[in-house]
Each structure stands twice: as structure tokens, then as C-alpha cells.
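# Survey of secondary and tertiary structure
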Amino acid sequence: MATDEPPTKKKKTVDSVSPSLLIDEKKRLLVENKFLVKMPEDFYQFWTFLHELNSEDPNNILTPFDLSLGGPYDVLLGKSSGNDDDYLLHHRFYYDMPEFQTVLLSRKEGSQYHIGYYRDSPSEDPVFLASNDSSQGCKLTVLSDNIFAAVLSYLQGSEYKSKPKGKQLIAKLEKFTAEHGYECGKRTKKIRAREKKIVSKGFHGAGIVVPVDDNEVGWREVPRSIGELKKMFMSIATCDKNKDASSDELQELITYVQFANDECDYGQGLELGSDLFCYGDDSLEGYVKALMPMAYSLLGYSAFERIILAHLNNRSRNTNSYLCHS
């Protein structure tokens, strides 16, 4: 029997995106080929979201909030380079691990605040977006698992949330996330699921995840606490009276990593290497070069291996912008 009830409006989900929100395949492949990772759907949806608000200059939507599109977004804005490594280094700040890909950065002069996607493997989707201020150190602050919620988190924690333009953009972002099934918040279902897989907090605080099988093969603990490692690294970096003993201790840990690698516990080398990288002193770069590329290679993360090698060969405390309009 027919009824007079109107048909229910079906809620959109992340997997049922309107074709109008999609970017052409050539641009997607260009981004993937140049940055060596596949960007998630929300990355492209955010571009379209901004483009629909200002088709002439999508980036201008973020200007009042001291944010600018960066990283792979610059390819969509028509920027390029003839050197493939330039893409890997573009907006890669001093403490940015290969797992981290900048997509937004501060417009404030001299600021090194930036927001990026973080993924545990180059073949997998990012697990969250985080912010970092490289002028303050390596700490990552998790914002959310999609860029709409990450920008919402940024705005809601800033002075702009009470200003008219801020309120307008917050309302539009909230509407979009609700309509497209994106979860907001810093501890979404996806982020909580990852927390169960973390094997070590790491110096950056966002946690390290590596493949571990049912027999617990894949990772073993570095036999020093974060505090003990920082003290050891500081001793070497500052050449204090304990430098020789600290250097011997670090060399012993590297020997442990070699044993771990022989037994397929590749995560230990990644943990120690990333802690050295995140400590951020030139005197430790040789150790980083010995550990991180090898760890990525053994894990089968060739894209991360290539990124870390390019970064270590050009590591700078300045804001690195390598792409430009031709």
C-alpha cells in the first residue's frame, strides 16, 4: 500500500562521495608519483570544498586564519619542479619524519607551525593529521583523522573561533563533516584503533607502529627509557665529560639493533633511528643515516627510505619551499 510519507533522505558517507567532489585521475597520479604516497579522499575533498567557496583562489579562504595550503596542494595549484627530490623536500620541516606529509602551514612570518598527514606505512592511508612547530621541537599534536576535522580543531583552539569569518567557516566545516560521515575529535574510532598497535611512544609522542606477527616477531624494545636516551644523546651532542661512555653505550644499542634485524625485529632500528632523528642534533646525523634507511628498507617501505635519504642530505631548520609556478 502506498503511503504519503516523503522518502527518507539518505545520509552521505565517506564511501558515497558525489562525483563533483572528485579530482581528475591525472592530478591524483601526479601527486602520488611525485610525493611517493597516495593522498586520501578527504585531501581532495578539502580542495574541492575550498574551490567551491572561491574558485579563483581556493587558498584565499584560509588566509584570514593565518593558514596556507602546502605540500601536495601546491601541485594542484600548478606549482612544479624539474627535480624529483624537490617534491619530497617541499615543506618538509626539520623534524618531519617520512611518515609525515605537510599539507597546511602557517602564514605568519618566521613561523614553522604546520599540519600534515601521518601514516605508518607508505602503502596505507594516513591514520591521523597532526601539527608541529619545528622551532619548538619534534612534538606532534594529533588533531583528528581527516583534514576537515583537523582544520576545525585548529580553528576551535584559536582566536578565530569567535570572529565572524571564523564562525562562518566552522559552521561550513561542521556541516560538511556531518553530511559526509566524517568523525570529528582527537580520538576518533580510527585513532583509538591505532593506539592499540603502538609499540613505543617515541620522542615525537604520537607513537610508533610496525608490523608484528602472532609470534610477536617484528619489534623488540630498545632497552633504554626515553629519559635515558635523551641524556645519552645530550652527552654526545654537548661533548660533556661522559661523551665517550655515552658513545660506547649508543654503539652497544646499535649492535642490539643488528641482532634484532637478524631476527626480523625491524622495529627496534626504526625506533632508535627515529629517536635520534627527533633529538635533532647534527652530531647524531651519522647514526640516523646508519639506522633509518636500513629500517625502512627491511620493512619494505622503499618510499620512506627514499624520503629520509633526500631529507638527511638536505636537512634544514628553515622553511623549505622547493616548488614554484613555471
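Right, let's walk through the structure included here. (Residues numbered from 1 in each chain as written. Predicted model: local features only at pLDDT ≥ 70, side-chain atom pairs only at ≥ 80, totals over all residues. Heavy atoms only, no water.)

### Here's the deal with the pattern of salt bridges
Applied cut-off: Salt bridges are identified by distance alone: a Lys or Arg side-chain nitrogen within 4 Å of an Asp or Glu carboxyl oxygen. To sort residues, take the accessible area from a 1.4 Å probe on protein chains only and compare it with the maximum for the residue type: under 20% means buried, over 50% means exposed, and anything in between is partly exposed. Working definition: helices are DSSP H or I runs of at least four residues, strands are E runs of at least two. Numbering for both runs from the N terminus.
Scanning the model with the defined rule gives ten salt bridges in all. As a salt-bridge pair, Lys 79 and Asp 74 come within 3.9 Å of each other at their nearest N and O atoms. With a relative accessible area of 2%, Asp 74 lands in the buried category. Ionic pairing is found between Glu 285 and Arg 315, a salt bridge with its closest N-O pair at 2.7 Å. Taken together, the positions of Glu 285 in helix 11 (residues 285-299) and Arg 315 in the loop between helix 12 (302-313) and strand 7 (324-325) put the pair 30 residues apart, joining distant regions of the chain. On the basis of relative accessible area, Glu 285 is assigned to the buried category, the value being 12%. Residue Arg 315 is classed as buried on the basis of its relative accessible area, which comes to 14%. Here the salt bridges do not stand alone but share partners, grouping Arg 220, Glu 263 and Asp 265 into one network.

### Re empty space enclosed by the protein
In this approach a probe as big as a water molecule rolls over the atoms, and the regions it shows empty are the leftover space. Stated precisely, the cut-off is as follows: Cavity: a set of points on a 1 Å grid over the protein atoms alone where a 1.4 Å probe fits but cannot get out. Pocket: an open set with protein on both sides within 12 Å along at least five of seven lines, its lining residues, like those of a cavity, having an atom within 4 Å of a point. Grid points are joined across faces, edges and corners, and a volume is the space filled by probe spheres set on the points. Three categories are distinguished: nonpolar for Ala, Val, Leu, Ile, Met, Phe, Trp, Tyr, Cys and Pro, charged for Asp, Glu, Lys and Arg, and polar for the others, with Gly belonging to the last.
All told, the structure shown has three cavities of 30 Å³ or more when counted by the stated rule. Estimated volume of the largest cavity: approximately 70 Å³. Lining of the largest cavity is provided by Met 97, Glu 99, Tyr 118, Asp 120, Gly 207, Ile 208, Val 209, Leu 270, Ser 274 and Tyr 301. In the lining of the largest cavity, the residues fall into six nonpolar, two polar and two charged. Put simply, the second largest cavity is a space of about 40 Å³. What lines the second largest cavity is simply Phe 35, Val 37, Pro 98, Glu 99, Phe 100, Gln 101, Tyr 117, Arg 119, Phe 304 and Ile 307. Going through the elements one at a time, strand 3 (100-106) and helix 12 are the ones with two or more residues in the lining of the second largest cavity. Grouping the amino acids of the lining of the second largest cavity by side-chain chemistry returns seven nonpolar, one polar and two charged.

### Regarding the pairing of strand 5 (residues 128-133)
On a regular strand, one side chain projects to one face of the sheet and the next to the other, so that they alternate. The line we're drawing: Paired strands, in this sense, are two strands between which DSSP finds at least two bridges.
Along strand 5, five of the six residues are buried, which leaves the element largely enclosed by surrounding structure. As paired elements, strand 4 (residues 113-118) and strand 5 share six bridges and run antiparallel to each other. Looking at the pairing, Tyr 117 lines up with Leu 129 of strand 5. Sheet topology places strand 5 next to strand 6 (residues 141-144); three bridges connect them, and they run antiparallel. Considered in strand 6, the bridge of Ala 130 is made with Val 142.

### Some thoughts on helix 8 (residues 226-237)
To keep it simple, the criterion reads: Expected helix span is taken as 1.5 Å per residue step, with the number of steps being one fewer than the number of residues. It is the directions from the helix axis to the C-beta atoms that the arc portrays.
Its twelve residues give helix 8 an end-to-end C-alpha distance of 16 Å, which sits within 8% of 16 Å, the value for a rise of 1.5 Å per residue. Leu 229, Met 232, Phe 233, Ser 235 and Ile 236 are the residues of helix 8 that are buried. Projected down its long axis, helix 8 shows its buried positions confined to an angular sector of 155°, all on one face. Phi for Cys 239, located one or two positions after helix 8, is positive at around 55°.

### Re the environment of Ser 134
What counts is decided by this rule: Any pair of residues with heavy atoms lying within 4.5 Å of one another is described as a contacting pair.
Summarising the element assignment, Ser 134 is placed in the loop between strand 5 and strand 6. Separated by 40 residues in the primary sequence, Ser 134 and Tyr 94 have C-alpha atoms spaced 6.4 Å apart. With near-sequence residues (within four places) excluded, Ser 134 lies in contact with Phe 93, Tyr 94, Tyr 95, Gln 112 and His 114.

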